[in-house]
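Understanding the architecture of this molecule
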Amino acid sequence: MLKVLKFGGSSVADSKQFAKVKAIVESDPEREVVVVSAPGKRQSGDNKITDLLYLIHAHIKYGVAFDTILGMIKDRYEEIAEECGLKTDIASVIDESFAGVNKRTTSDYIASRGEYFCAILMAEYLGYKFVDATEWLVFDYNGKVDRKTSDAKLRELKEIYGRIVTPGFYGAYPSGEIRVFPRGGSDITGAIVAAALEADIYENWTDVSGILMVDPKIVKDPKTIARVTYDELRELSYMGASVLHEDTVFPVRLKDIPVNIRNTNEPDAPGTIIGEKFEDELKEEHERFITGIAGKRNFSIVNIYKSRIGEAKIGLLRQVLEVFDRYDIPVEQIPSGVDSFSVVFPTDSMQARKYDLMHELTENESIDNCELTEGISLIAIVGRQMAYRTGISGKIFKALGDNKINIRTIEQGADEINIMIGVYNEDFERAIRVLYDSFAR
Ligand code: ASP
């Protein structure tokens, strides 16, 4: 078994966190490959190293001295090196990296140094080989990772060194020039590493014990999702749940390598497993048909009425959607009745053009009546166990009805893993709590 581990910024924020990482890695000999982010915040109000590095780049660009910020960065790494008893002269490594910088130095190069310094220290601390990302992670000139070349190079290096630490977040063009991923990109590096080495599992270590069933700002101490499929994750993250974006782990998804979200501060918690599908559904999962609940506020609905609309409906629908298209308003849902249909969209996309939009629709002679309702929230109830089972939506609507929550719109995805309801903004949090208390506890 081979396990690839990625540790996020808070997991490597200081020497205490470094010690936790070491204990985690050493507790399992299969944990052979480690990817690290740059040190993040140690507490709220603290700075992320990557933010400081981008700040340095801005100073260089405008010709302002950056010694103070570089001093802050050095202090962070020196403290880690010293408290972990490491021999690497990290201050000299940092000085060397910044010796030649000038106005032409790219922000990508500067931003990448956070992961670079961190991986050097972590490799020494774990007694693993430091393998720089520039040695294997190759970007094409179109900005995409050259997976074939990168995978082959990494496999070679793994073969030679066995246990390795590599920095996340960046790679290099064939010319050697550094390029970074978008912010948070170490997750992508970890996924590429796990896929290249055909790992049995990709452990993504962070500061939460997995993905929560619901936003903890709405429900106190919600349960952690034990297992979630990529499709469910997509529905949840689309509706605003702040979880690992499924795009970032695409390389492991393609190879059917499970991702395990774990908590560095609570290493015994099993966390959340993300997989394509699960063969043996657990009894508890079957009984609790909801995997997670997520929602977003501030949508609007335009209701369009036309009596005896019949077959003309499709044509009218097309005309109405064309109007939305022209106003550049993204349509979220189109619930439909016998003589009416509605268009649901984010309120902020309509902005000040709301009167123009409504005027244009009202002018349309094929429409009897149209009205606008603002202040709607959409809530997605997501669960693979809901698919092809009867009575689920009935239970959901009953629970909300019993609590006097009016449902404005209802929609179910074709794969039946998602029921989306629209409620008034003022009922948003209560609706989520009712759903959680009724079906998830
Ligand atoms: N250090 C980078 C950032 O702060 C990348 C990462 O942590 O994944 O965005």
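Residues numbered from 1 in each chain as written. Predicted model: local features only at pLDDT ≥ 70, side-chain atom pairs only at ≥ 80, totals over all residues. Heavy atoms only, no water.

1. A look at the packing of helix 3 (residues 67-83) against helix 5 (residues 107-126)
Stated precisely, the cut-off is as follows: To get an axis, a line is fitted to the C-alpha atoms, and for a helix only the part in contact is used. The angle between two axes follows their N-to-C directions and goes from 0 to 180 degrees. Strands here mean DSSP runs of E at least two residues long; helices mean DSSP runs of H or I at least four residues long; both are numbered from the N terminus. Comment on the angle field: the value is read as roughly parallel under 35 degrees, roughly antiparallel over 145, roughly perpendicular from 65 to 115, and oblique elsewhere. We call two residues in contact when some of their heavy atoms are within 4.5 Å. Here the nonpolar group is Ala, Val, Leu, Ile, Met, Phe, Trp, Tyr, Cys and Pro; Asp, Glu, Lys and Arg are the charged ones; every other residue, Gly included, is treated as polar.
Running from N to C, helix 3 and helix 5 cross one another at 10 degrees; their axes reach a closest spacing of 11 Å. When the interaxial angle is binned, helix 3 and helix 5 end up roughly parallel. Contacts between helix 3 and helix 5 involve Tyr77, Ile80 and Ala81 from the former and Arg113, Gly114, Phe117, Cys118 and Leu121 from the latter. Residues belonging to the contact of helix 3 with helix 5 are distributed by class as follows: six nonpolar, one polar and one charged.

2. Remarks on unusual backbone geometry
As a reminder of what qualifies: Only protein chains enter the area calculation, which uses a 1.4 Å probe; residues under 20% of their type maximum are buried, those over 50% are exposed, and those in between are partly exposed.
Its identity is not glycine, yet Asp328 carries a phi of approximately 60 degrees, on the positive side. If you trace the backbone, Asp328 turns up in the loop between helix 11 (313-326) and strand 12 (340-346). Its identity is not glycine, yet Glu416 carries a phi of approximately 60 degrees, on the positive side. Within the secondary structure layout, Glu416 lies in the loop between strand 14 (409-412) and strand 15 (418-424). Since its relative accessible area comes to 21%, Glu416 is described here as partly exposed.

3. Brief notes about the site of the ligand
What counts, and what does not: Any residue with a heavy atom lying within 4 Å of a molecule or strand is counted as near it. By the criterion applied in these results, polar contacts are pairs of N or O atoms within 3.5 Å in which, for protein atoms, one can donate a hydrogen and the other can accept it, and in which residues neighboring in sequence qualify only through two side-chain atoms. Each accessible area is a Shrake-Rupley result for a 1.4 Å probe, and residues are judged covered by the shown protein chains and nothing else.
Taken together, Ser37, Ala38, Thr50, Glu115, Phe169, Arg183, Gly184, Gly185 and Ser186 make up the full set of residues adjacent to the ligand. At 3.0 Å from an oxygen atom of the ligand is found a side-chain nitrogen or oxygen belonging to Ser37. Taking Glu115, its side chain carries an N or O atom lying 2.6 Å from a nitrogen atom of the ligand. For the ligand, whose unbound accessible area comes to 260 Å², protein coverage reaches 90%. Class assignment for the residues of the shell around the ligand results in two nonpolar, five polar and two charged.

4. Here's the deal with the sheet that holds strand 10 (residues 272-275)
To keep it simple, the criterion reads: Being paired, for any two strands, means DSSP has found at least two bridges between them.
Overall, mixed pairing links the eight strands, which are arranged 3-4-2-1-7-9-10-8 in an open sheet. Unpaired on one side and paired on the other, strand 3 (129-130) and strand 8 (227-229) mark the two borders of the sheet. In the packing of helix 1 (residues 15-26) onto the sheet, contacts are made with strand 1 (3-7), strand 2 (31-36) and strand 7 (201-206), and the angle to strand 1 comes to roughly 170 degrees. Against the sheet, helix 8 (residues 230-238) touches strand 8, strand 9 (259-263) and strand 10, its axis set at about 85 degrees to strand 8.

5. Points about helix 12 (residues 354-363)
Since one α-helical turn is 3.6 residues long, residues separated by three or four positions face the same way. Note the following rule: Taking the helix axis as origin, the arc is that swept by the directions to the C-beta atoms.
Among all positions of helix 12, only Lys354, Leu357, Met358 and Leu361 are buried. The arc that holds every buried residue of helix 12, seen down its axis, measures 90 degrees, which confines them to one face. Turned more than 90 degrees off the buried face of helix 12, the exposed positions are Tyr355 and Glu363. Here the buried face of helix 12 lies against strand 11 (292-305), helix 11, strand 12 and strand 13 (369-382).

6. Description of the nonpolar core
Put simply, the rule reads: As used here, the term nonpolar core means buried Ala, Val, Leu, Ile, Met, Phe, Trp, Tyr and Cys residues forming a set that is joined through side-chain atoms within 4.5 Å.
Counting residues in hydrophobic clusters, the biggest one holds 121 residues, and the most contacted among them are Tyr77, Phe98 and Ile379. With 12 residues, the top contributor of residues to this core is helix 5. Residues contacting Phe98, with those up to four places away along its chain left out, are Leu53, Ile56, Phe66, Leu70, Ile110, Arg113 and Phe117. Counting residues in hydrophobic clusters, the runner-up holds 18 residues, among them Leu316, Met358, Leu361 and Cys370.

7. Details of the packing of aromatic side chains
As a reminder of what qualifies: Stacked, tilted and edge-to-face are the three classes applied to pairs of Phe, Tyr and Trp rings, where Trp contributes its six-membered ring and a pair requires centres within 6.5 Å; stacked means planes under 30 degrees apart, edge-to-face means over 60, and tilted covers the rest.
This model, assessed by the stated rule, comprises 11 aromatic pairs. Between Phe139 and Tyr173, the aromatic rings sit 6.2 Å apart at their centres with planes inclined by 55 degrees, giving tilted as the arrangement. Taken as a pair, Phe139 in the loop between strand 3 and helix 6 (147-161) and Tyr173 in the loop between strand 5 (170-172) and strand 6 (178-180) lie far apart in primary sequence, 34 residues in all. You can call Phe139 buried: its relative accessible area is 1%.

8. Remarks on the sheet that holds strand 14
Taken together, five strands build an open sheet; the order of strands is 12-11-13-15-14 and the sheet is antiparallel. The sheet is open, and its two edges are formed by strand 12 and strand 14, each paired on a single side. Between one strand axis and the next, the sheet turns by 30 degrees as a mean value, whatever way the strands run. Examined bridge by bridge, strand 14 and strand 15 share four bridges and lie antiparallel to one another. Paired with Glu411 across the bridge in strand 15 is Met420. Together, strand 13, strand 14 and strand 15 form the strand contacts of helix 13 (residues 392-402), whose direction differs from that of strand 15 by roughly 20 degrees.

9. Focus: the side chain of Ser342
Summarising the element assignment, Ser342 is placed in strand 12. Classification of Ser342 as buried rests on a relative accessible area of 13%. A polar contact of 2.6 Å, which involves the side chain of Ser342, links it to the side chain of Asn303. For Ser342, the contacting residues outside a window of four places in its chain are Ile301, Val302, Asn303, Gln333, Ile334 and Pro335.

10. Details of the pairing of strand 15
Counting buried positions along strand 15 gives six out of seven residues, so the element sits mostly inside the fold. Relative to strand 15, strand 13 runs antiparallel, the two sharing seven bridges. Directly across from Ile379, in strand 15, lies its bridge partner Ile421.

11. Some words on the environment of Glu235
Examined against the element boundaries, Glu235 turns out to sit in helix 8. Distance from Glu235 to Ala380, taken between C-alpha atoms, is 7.6 Å for residues 145 residues apart in sequence. Separated by 2.7 Å, the side chains of Glu235 and Asn418 make a polar contact.

12. Comments concerning a negative patch on the surface
How we decide: In this scheme, patches are assembled from residues that exceed 30% relative accessible area and form no salt bridge. Like charges are connected within 9 Å, while nonpolar side chains (Val, Leu, Ile, Met, Phe, Trp, Tyr) are connected within 5 Å. By definition, a salt bridge exists where a carboxyl oxygen of Asp or Glu is found within 4 Å of a side-chain nitrogen of Lys or Arg. Neither His nor the chain ends contribute to the count of charged residues, in which Lys and Arg are positive and Asp and Glu negative. Each charge is placed at NZ for Lys, CZ for Arg, CG for Asp and CD for Glu.
Together, Asp75, Glu78, Glu79, Glu82, Glu83, Asp89 and Glu96 make up a region of like negative charge exposed at the surface. Among the elements that take part in the negative patch, helix 3 stands out by supplying five residues, more than any other. By the secondary structure assignment, Glu79 is in helix 3. By relative accessible area, which is 38% here, Glu79 ends up partly exposed.

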